[in-house]
Amino acid sequence: NYAFEIAAKKPRGFVVKRECLRIVNPATGQVRAYYDVTEGRVTASQPSPLPPATADRLYLLPASSLHEFRAAFDALRSMGFYNLNPEQMKQLQSPDAGDLLHRDGANIASVIGRLRADDSSAIKRIDAYLNAIVPGVTDVERAPLGPKETLRFRQLVKGSPHPWSFYAVSMSDGTLRALGALVAATQLTQGSTPVRLVGIEEPETALHPSAAGALMDALREAAIHTQVLVTTHSPDLLDQVDPETDRLLVVESRDGTTSIAQVDEPGRFAIRDHLYTAGELQRMGQLHPDESDIARQDQLVLFDAKGQP
C-alpha cells in the first residue's frame, strides 16, 4: 500500500506533505516493512534507521536502496501510461535501449528493434494484429538513418509482386496510434519481465470503426500477462466489451468531482443479457455509473484518520 500527498508551498513550489508505504504479506496481512514521511522527515519506519528524506521529492527512490522496498519501486517503475502522439512517432528519433516505450511513443523505433532482437513471437503478434487493423501492412521494423532512426513499414500494393516500403512519416495517424497501442501492451522489460500495468488514452483515435474489434482482441490478449487500462469515448470500441472477461467502469464529472464506478444495475443487466452492448448504451446516453458504488468509494481516500495509506 503506497500513498503520497503533494501540497503547494508559498510563495511558489511544492512540498511532499505526506508519504507512506506498507509492504504487507497478502496471506497473513502482517506488515513486513514500512515507512512514514511527513514534510521531509521520516517519522516511523521498519527497518530503522532509514536514509534521510527531503521535502521536495518522493522518498521511495532513496528507500529503494533497501531490498525491503525495492520490489515496490520496480513495480511502479515498470508501469507505462500513454497518450500516443503520431507527430512525435513520425519524427527521426535518437536511438535508446528501448526498454520502455515513452509516453508519447517518441522512441518506438528503438522498442520495435529490441522486440525483434529479443522476442520474435511478440513482434509476430504485433505484425499480425497490425495487418488485421490496417489491411495490407505486412510488418514494421526499425530503420537506421545516419545517427537517427525511424520506422519502416512494408505494405502490399496492387500490381506489385513485392511489398513497398514506407517510412513512418508517410503513414496515417491511425496506423501509428494503433501500432503504439500494440507495442505499449506487448512490450517487455529486461527481456522477460512483463510491464506490470499499461494505461492507454483513447487508442482508437483516427482508426476506422471496423478496426475496433481487432484492436480490442490485441489488448485482451496482452492482458493475459499485463494489466491493461484503456480510456475511450468510442461506442465502436465499447461494442467490443465482453462482460465475461473485461471490466467496464464509467467516469463522470459532477460539480468538479470526478467519480469512477461500475455500470449501474440496469446497464449491467442489459449488457449481461445481451439486450444492448455497452456501445449502444453509450449512443443512447444510458451508460451511467452505479450510485451505490460511488457512495462506497472509500478506497479513493489516500489516508485514513491516522495518516495510514
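J.: Could you clarify how one ought to interpret the sheet that holds strand 4 (residues 41-46) in this entry?
T.: Within a sheet, each strand pairs with its neighbour through backbone hydrogen bonds, oriented either parallel or antiparallel. What the four strands build is an open sheet, ordered 1-2-3-4; its pairing is antiparallel. Two strands lie at the open edges of the sheet, namely strand 1 (2-8) and strand 4, each paired on one side alone. Each adjacent strand pair in this sheet contributes to an overall mean axis angle of 5 degrees, direction not counted. Examined bridge by bridge, strand 3 (residues 31-38) and strand 4 share five bridges and lie antiparallel to one another. Each bridged residue has a counterpart across the sheet, and for Y35 the counterpart in strand 4 is S45. Across the face of the sheet, helix 2 (residues 67-77) comes into contact with strand 1, strand 2 (14-24), strand 3 and strand 4 while running at roughly 115 degrees to strand 2.

J.: How do you make sense of the pairing of strand 2 when you look at a structure like this?
T.: The side chains of a regular strand alternate between both faces of the sheet. The pairing of strand 1 with strand 2 spans seven bridges and is classified as antiparallel. Paired with A3 across the two strands is C20, which belongs to strand 2. Looking at chain direction, strand 2 and strand 3 are connected through seven bridges and run antiparallel. When the sheet's bridge partners are listed, I23 is paired in strand 3 with A33. Between strand 2 and strand 3, which follow one another and run antiparallel, lie six residues, and G29 among them has a positive phi close to 80 degrees.

J.: Honestly, the pattern of salt bridges in this entry has me stumped. Any pointers?
T.: Pairing is possible between side chains that carry opposite charge, provided their charged atoms lie close to one another. All chains considered together, the criterion is met by 21 salt bridges. For E5, the salt bridge goes to R18, with nearest N and O atoms at 3.0 Å. Of the two residues, E5 is situated in strand 1 and R18 in strand 2; the sequence distance between them amounts to 13 residues. For E5, a relative accessible area of 25% corresponds to the partly exposed category. Linked by salt bridges that have partners in common, D139, E141, R152 and R154 make up one network.

Basis of the calculations
- Residues numbered from 1 in each chain as written.
- Predicted model: local features only at pLDDT ≥ 70, side-chain atom pairs only at ≥ 80, totals over all residues.
- Heavy atoms only, no water.
- Pairing = 2+ DSSP bridges.
- Helix = DSSP H or I, 4+ residues; strand = E, 2+ residues; numbered from the N terminus.
- Axes fitted to C-alpha atoms, helices over the stretch in contact; angles between N-to-C directions.
- Contact = heavy atoms within 4.5 Å.
- Salt bridge = Lys/Arg side-chain N within 4 Å of Asp/Glu carboxyl O.
- Buried < 20%, exposed > 50% of the residue type's maximum accessible area, 1.4 Å probe, protein only.

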